[in-house]
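Architecture at a glance
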Number of protein chains: 2
Amino acid sequence: MTDGTTTENQISTHASSPFVDGYLAYLLAQASSRISREFHREVEASGLSVTEWRVIASLAGSDGESIGTLAQLALTKQPTLSKVVQRMEAEGLVERNGARRDRRQTLVRLTRKGRELADSLCARALRHQQAVLEPFGHDNAALLIGMLKDLIALHPPAAPADDGV
Amino acid sequence: MTDGTTTENQISTHASSPFVDGYLAYLLAQASSRISREFHREVEASGLSVTEWRVIASLAGSDGESIGTLAQLALTKQPTLSKVVQRMEAEGLVERNGARRDRRQTLVRLTRKGRELADSLCARALRHQQAVLEPFGHDNAALLIGMLKDLIALHPPAAPADDGV
DNA sequence: CCGTTTTCCATGAATTTTCATATTTTCATT
DNA sequence: AATGAAAATATGAAAATTCATGGAAAACGG
């Protein structure tokens, strides 16, 4: 569009349907699903589920997050997150309760093992992202990411105990 | 950006995390989740689950889709779709096997009741979409949608029997 | 400071989704 | 045609998610 980069549309080579083809929510969901799936193969090769990957990615570079925050970031309901984190603790990827000021909270953070896995996967994720964005060119890529951030900023996260996977 | 419309970023008022904040796959997933959730309240008020809504939205304006295609469109695995469609048939929203050339296939289409519900919800969905896109302005909105379509076109759907919710 | 309300998390039961696999039909070859 | 491989779906068992709820700590209001 700006230059020789992509932007001439025409939905996929595959399944389409009159209504959804122009429907933003559908396009977001499909794009999310397809882009993620490619990388999820690497994730699962590391022995993680997709939700577990989301958790360690959310914890990367953080000094600890609460269960509630992680549920938001990982797009699951709170009870799901509680159980996922318990599994991950058993596997030695995270530890719970690293000094929290509010004793209702469960503070979760990466163990050394978890951090190493997270760092490795995050690096690979960024390489994957580069490949995905390459056909758009630098400017369009920045535009896309900017608009997605705007969308997110304009729409508040789920109400407590609700989520919205 | 182009004009007075949104595009100055700064992630949400809420939960964020160093790595994911700039990660495309995460931004897509969050945006998808948040935008959809708002409308899903209306969907559930109509007595449909989110997956059921995706199915009737996918069937709107179509004269029938196979189970496999619907699974792609609805972002679920094929066995899930089979069961969802069976529930929907029991509720009188869809009918199965409207003359298919390949007798392995199960052709699914809307009943009158299903079509009425679909039309009503699709109309409301488009109004919701207008509201969501309004702050971006016409040109940026078109750009966003175009880039999402490009992303989708560049990334093929899941291999058979796999999906990638 | 005490009672009330709200927030945050854990847990058991129920539901949903997924995995593994069987069945039926089509396709390709010979 | 007949055989073997591939494709589309259904289904039971297993796993993951969600709902409903409960308990504990914090915040709030006299």
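Now for a description of the structure that goes with this document. (Residues numbered from 1 in each chain as written. Chains lettered and ligands numbered in written order. Predicted model: local features only at pLDDT ≥ 70, side-chain atom pairs only at ≥ 80, totals over all residues. Heavy atoms only, no water.)

1. Things to note about the overall build of chain A
Counting its secondary structure elements, chain A contains six helices and three strands. Out of the 165 residues in chain A, the part that is buried amounts to 53%. (Helix = DSSP H or I, 4+ residues; strand = E, 2+ residues; numbered from the N terminus. Buried < 20%, exposed > 50% of the residue type's maximum accessible area, 1.4 Å probe, protein only.)

2. Some points on the pairing of strand 3 (residues 107-110) of chain A
Residue and element names in this part refer to chain A. One ladder, built from two bridges, connects strand 1 (residues 65-66) with strand 3; its direction is antiparallel. By the bridge assignment, S66 is partnered in strand 3 with L107. In terms of strand pairing, strand 2 (residues 94-96) meets strand 3 through three bridges, oriented antiparallel. Its bridge partner being in strand 3, R96 is matched across the sheet by V108. (Pairing = 2+ DSSP bridges.)

3. Let's talk about the protein's contact with DNA strand C
Around DNA strand C, 23 residues are found, and the nearest of them are S82, K83 and R104 of chain A together with K83 and R104 of chain B. Sugar plus phosphate: this is where 60% of the atoms of DNA strand C within 4 Å of the protein reside. At 2.9 Å from a phosphate oxygen of DNA strand C is found a main-chain nitrogen or oxygen belonging to G68 of chain A. Contact distances for DNA strand C include 2.8 Å between a sugar or linking oxygen and a side-chain N or O atom of T106 of chain A. For the surface near DNA strand C, the elements supplying multiple residues, two or more each, are helix 3 (67-74) and helix 4 (78-90) of chain A together with helix 4 (78-90) of chain B. A total of five residues in the surface near DNA strand C trace back to one element, the largest contributor, which is helix 4 of chain A. Tallied by class, residues from the surface near DNA strand C come to four nonpolar, nine polar and 10 charged. (Near = heavy atom within 4 Å. Polar contact = N/O pair within 3.5 Å; in protein donor to acceptor, adjacent residues only side chain to side chain. Nonpolar A, V, L, I, M, F, W, Y, C, P; charged D, E, K, R; others polar.)

4. With respect to helix 5 (residues 112-133) of chain A
Taking 1.5 Å per residue as the helical rise, helix 5 of chain A with its 22 residues ought to reach 32 Å, and the 31 Å between its terminal C-alpha atoms agrees with that figure. Here helix 5 of chain A has its buried residues at G114, A118, L121, C122, A125, H128, Q129, V132 and L133 of chain A. Along the long axis of helix 5 of chain A, the arc covered by the buried residues comes to 130°, so they all point the same way. Turned more than 90 degrees away from the buried face of helix 5 of chain A sit R112, R127, Q130 and A131 of chain A, all of them exposed. Those residues of helix 5 of chain A hidden inside the fold are in contact with helix 1 (24-45), helix 2 (50-59), strand 3 and helix 6 (137-154) of chain A together with helix 1 (24-45) and helix 6 (137-154) of chain B. (Expected span 1.5 Å × (residues − 1). Arc of directions from axis to C-beta. Contact = heavy atoms within 4.5 Å.)

5. Section: the protein's contact with DNA strand D
Near DNA strand D there are 25 residues, and of these T80 and K83 of chain A together with Q78, S82 and K83 of chain B occur at the shortest range. Looking at DNA strand D alone, sugar and phosphate atoms form 61% of those within 4 Å of the protein. I67 of chain B places a polar main-chain atom, nitrogen or oxygen, 3.0 Å from a phosphate oxygen of DNA strand D. Mapped onto the surface near DNA strand D, the elements with two or more residues apiece are helix 4 of chain A together with helix 3 (67-74) and helix 4 of chain B. The class makeup of the residues in the surface near DNA strand D is five nonpolar, 10 polar and 10 charged.

6. Observations concerning the relation of the copies chain B and chain A
Turning chain B through 180° and shifting it by 0.0 Å along the axis lays it on chain A, with an RMSD of 0.0 Å. Such a combination of turn and shift is consistent with a two-fold rotation axis. Most of the interface of chain B is mirrored in chain A, where 100% of its interface residues again form contacts. (Least-squares fit on C-alpha atoms with pLDDT ≥ 70 in both.)

7. Some remarks on the interface of chain B and chain A
In this assembly, 75 residues from chain B lie in contact with 75 residues from chain A. For the pair chain B and chain A, the summed buried surface comes to about 6700 Å²; carbon and sulfur atoms form 70% of the total. For the pair chain B and chain A, the interface holds 12 residue pairs in polar contact (both at pLDDT 80 or more). Going through the elements one at a time, helix 1, helix 2 (50-59), helix 3, helix 5 (112-133) and helix 6 of chain B are the ones with two or more residues in the side of chain B that touches chain A. Per-element accounting of the side of chain B that touches chain A gives the leading share, 16 residues, to helix 1 of chain B. Split by residue class, the side of chain B that touches chain A holds 42 nonpolar, 23 polar and 10 charged. (Buried area = accessible area lost by both parts, 1.4 Å probe.)

8. Re the pattern of salt bridges
Two side chains carrying opposite charge are able to pair once their charged atoms lie near each other. Residue and element names in this part refer to chain B. A full pass over the atoms with the stated rule returns 10 salt bridges over all chains. In this structure, E42 engages R124 in a salt bridge whose closest nitrogen and oxygen atoms are separated by 3.1 Å. Placement of the pair is E42 in helix 1 and R124 in helix 5, with a sequence separation of 82 residues. As a salt-bridge pair, R96 and E89 come within 3.1 Å of each other at their nearest N and O atoms. (Salt bridge = Lys/Arg side-chain N within 4 Å of Asp/Glu carboxyl O.)

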